[in-house]
Amino acid sequence: MGGTSDILELARDIRNMRIKVLVAKLGLDGHDRGAKVVARALKDAGMEVIYTGIRQTPEQVVETAIQEDVDVIGVSILSGAHIPLMKRLMNLLKEKRVDYIPVFLGGSIPIPDIEALHKMGVDKVFLPGTSLKEVIKYTVEAAKRKRGYREWRDLGNY
Amino acid sequence: MEGSRELLRSALNGDKRALGRLLTILESSPKKAGEVITYTLDKEPDAHVIGVTGIPGSGKSTLISKLITQYKEDNHKIAVIAIDPTSPLSRGALLGDRIRMQEHATDPSVFIRSVPTRGVKGGLSFSGVAMIEVFDYVGYDKVIVESIGVGQTDIDIMNIAHTILVVTTPGLGDDIQALKAGIMEIGDIYVLNKSDKEGAEKTYSYLEFALESYELGVKRGWTPKLIKTSALFGWGIDQLVDLIEEHYKYVLESGLYNEKIGRRRMLMLKLLSEKIFMSLLEEYFNKGIDRDILRKYDLYNASIHLIREIVEKLIKYGG
Ligand SMILES: Nc1nc2c(ncn2[C@@H]2O[C@H](COP(=O)(O)OP(=O)(O)OP(=O)(O)O)[C@@H](O)[C@H]2O)c(=O)[nH]1
Ligand SMILES: [Mg+2]
């Protein structure tokens, strides 16, 4: 598993697809080191990354995702308010009919909460200690999946 | 094609999701982009395009955010095209201009789009210019373009923006060369931002002198203006908007408006041709090229041969 060919394939996919990712820091805490590290890693892997800074609301994140037409949304929450914030975010995505955009969440999430988050529609939860390569790999897969969705294609695929 | 026409119609009705998708089409498919733009050419353009350039970190994005606030109050619809550089090695980009404008993210009358340069020499890509046409078509009447502020971009921005702001900061006052370095000659309005900082007066005096001695160039009928602002504290923003509007009035009265539209469309044609040709060229070098070509021709004729092959392929298969 892994190995050079794996990485090369990943790099080629990223290059061909021009993957666009929104990295957002939800909630009131001001610790954005984790979000910035992820944003930079995705950028260095060849993706186009929109970083929106700290203290974003779910409304801002969804509007930004729509205007920027991103492939994947990555959210970082450290405040402990991940359940209500993500519920609001996922509901808004549905309401605005952009719930075909996969969402991943990173942060110090208690393991018992993970199931509830998946039920809301959060695609993936990354716990502290996840390698950046894993995040990159997931993001490419998620972007591929998103571009396969029918509703998204009806909106003018290319 | 059906798809893009419907998207345009939805976007015209205020559907931001459709508009977001349309802009992606401009970025990714030259053929469909061409169709989209052809539809938009039905309408006479009437948006005011404002270019914001200047040294990196001078506060362009923060200033634009303040302009948005003002223009919103005057019931304008504002679109921002925020250009950021693509890293030439990884081909990735960190698009950070938006951070300074996020307070407007959910406003119905504002649309912000980040645009990576994607290896385009001058930074201003075909899609960046094409986005102006689409924003104008769907009813945004103030279109603000934030450029990366180096080199060729600014020549291009001159061709597409009706009003050009050049943003600078205190501390450069002693360095005449820095101020004179090409970039400074294209402004309709020079903005000394961060005037809350030390040395603002000195830099202001220098710029004033440079302007008075015509070093920064008078363009027919308009004398470049100078203004001090602090985007951080909100100083001078009202006056800046007044100056921008004064310049726009001049643009409309002098006939410069349509001249710029003409140049913008020519630039769009040039940039799209370039994009199509470059991607075919790249494709050739990635797989199609005859490795023995340099044995068959000398270098110059090998290039000509290659160009001819690309053009023939283009004509045959339509790109
Ligand atoms: N003191 C002071 N700081 C300012 C002012 N305007 C912006 N800044 C700060 O300057 C930094 C850069 O601001 P931006 O608005 O991102 O500048 P920019 O020109 O868009 O930067 P790039 O797009 O990266 O070239 C930020 O930390 C701002 O808070 C100002 O008027 N005064
Ligand atoms: Mg900026």
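Look up: the structure comes first, before these words.
Structural notes, computed from the coordinates. These figures come from a predicted structure and were not determined experimentally. (Residues numbered from 1 in each chain as written. Chains lettered and ligands numbered in written order. Predicted model: local features only at pLDDT ≥ 70, side-chain atom pairs only at ≥ 80, totals over all residues. Heavy atoms only, no water.)

1. Concerning the site of ligand 1
Residue and element names in this part refer to chain B. The following threshold applies: Nearness of a residue to a molecule or strand requires only that one of the residue's heavy atoms be within 4 Å of it. Between N or O atoms, a polar contact is any pair within 3.5 Å; within protein, one atom must be a potential hydrogen donor and the other a potential acceptor, and residues adjacent in sequence are included only when both atoms are from side chains. For every accessible area listed, the method is Shrake-Rupley and the probe measures 1.4 Å; residues are considered covered only by the protein chains on display.
The full set close to ligand 1 counts 16 residues, and S61, T62, R100, D196 and A231 are the nearest of them. Separating an oxygen atom of ligand 1 from a side-chain N or O atom of T62 is a distance of 2.5 Å. Between an oxygen atom of ligand 1 and a side-chain N or O atom of D97, the distance comes to 2.9 Å. Burial of ligand 1 by the surrounding chains reaches 76%, relative to a free accessible area of 660 Å².

2. A closer look at the sheet that holds strand β5 (residues 124–126) of chain A
Short version of the rule: Pairs of strands are assigned from DSSP output, requiring at least two bridges between the strands. Numbering of helices and strands starts at the N terminus; helices are DSSP runs of H or I of at least 4 residues and strands are runs of E of at least 2. To define axes, lines are fitted to C-alpha atoms, for helices over the stretch in contact only, and angles between the resulting N-to-C directions are given on a 0 to 180 degree scale. For this analysis, residues touch if any pair of their heavy atoms sits within 4.5 Å.
The strand order across the open sheet formed by 6 strands is β5(A)-β4(A)-β3(A)-β1(A)-β2(A)-β3(B), and the pairing between neighbours is parallel. The strands lining the two open edges of the sheet, one partner per strand, are β5 of chain A together with β3 (93–95) of chain B. Taking each pair of neighbouring strands and ignoring which way they run, the sheet shows an average axis angle of 20 degrees. Across 4 bridges, strand β1 (residues 20–25) of chain A lies against strand β2 (residues 48–51) of chain A in parallel orientation. Pairing of V21 of chain A across the sheet is with V49 of chain A, part of β2 of chain A. Of the strands in this sheet, β1, β2, β3 (72–76) and β4 (103–106) of chain A together with β3 of chain B are in contact with helix α2 (residues 33–44) of chain A, which crosses β2 of chain A at around 160 degrees.

3. Re the nonpolar core
Applied cut-off: Nonpolar cores were defined as sets of buried Ala, Val, Leu, Ile, Met, Phe, Trp, Tyr and Cys residues, with membership established by side-chain atoms within 4.5 Å. Between buried and exposed lies partly exposed: a residue is buried under 20% and exposed over 50% of the maximum accessible area for its type, with that area taken using a 1.4 Å probe on protein chains only. For every domain, the bounds stem from an assignment made automatically or drawn from a database.
By size, the foremost hydrophobic cluster in this structure holds 50 residues, and its most contacted members are L19, L26, I81, F135 and V143 of chain B. Looking at which element gives the most residues to this core, the answer is helix α5 (residues 126–137) of chain B, with 8 residues. Among the domains, domain 1 (43–264) and domain 2 (266–318) of chain B are the pair contributing at least three residues each to this core. Residues within four places of F135 of chain B in sequence aside, it is in contact with L19, L23, A79, I81, F111, R113, Y140 and V143 of chain B. Membership of the second largest hydrophobic core comes to 31 residues, among which are V61, V62 and L117 of chain A together with A93 of chain B.

4. Regarding the sheet that holds strand β8 (residues 225–228) of chain B
All names here are of chain B. Taken together, 7 strands build an open sheet; the order of strands is β4-β2-β5-β1-β6-β7-β8 and the sheet is parallel. On the outer flanks of this sheet lie β4 (110–116) and β8, each paired with one strand and no other. Within the sheet, the average angular offset between the axes of one strand and its neighbour, ignoring direction, is 20 degrees. α5 rests against β1 (48–54), β2 (78–84), β4 and β5 (142–146) of the sheet, and its axis sits at about 175 degrees to β2.

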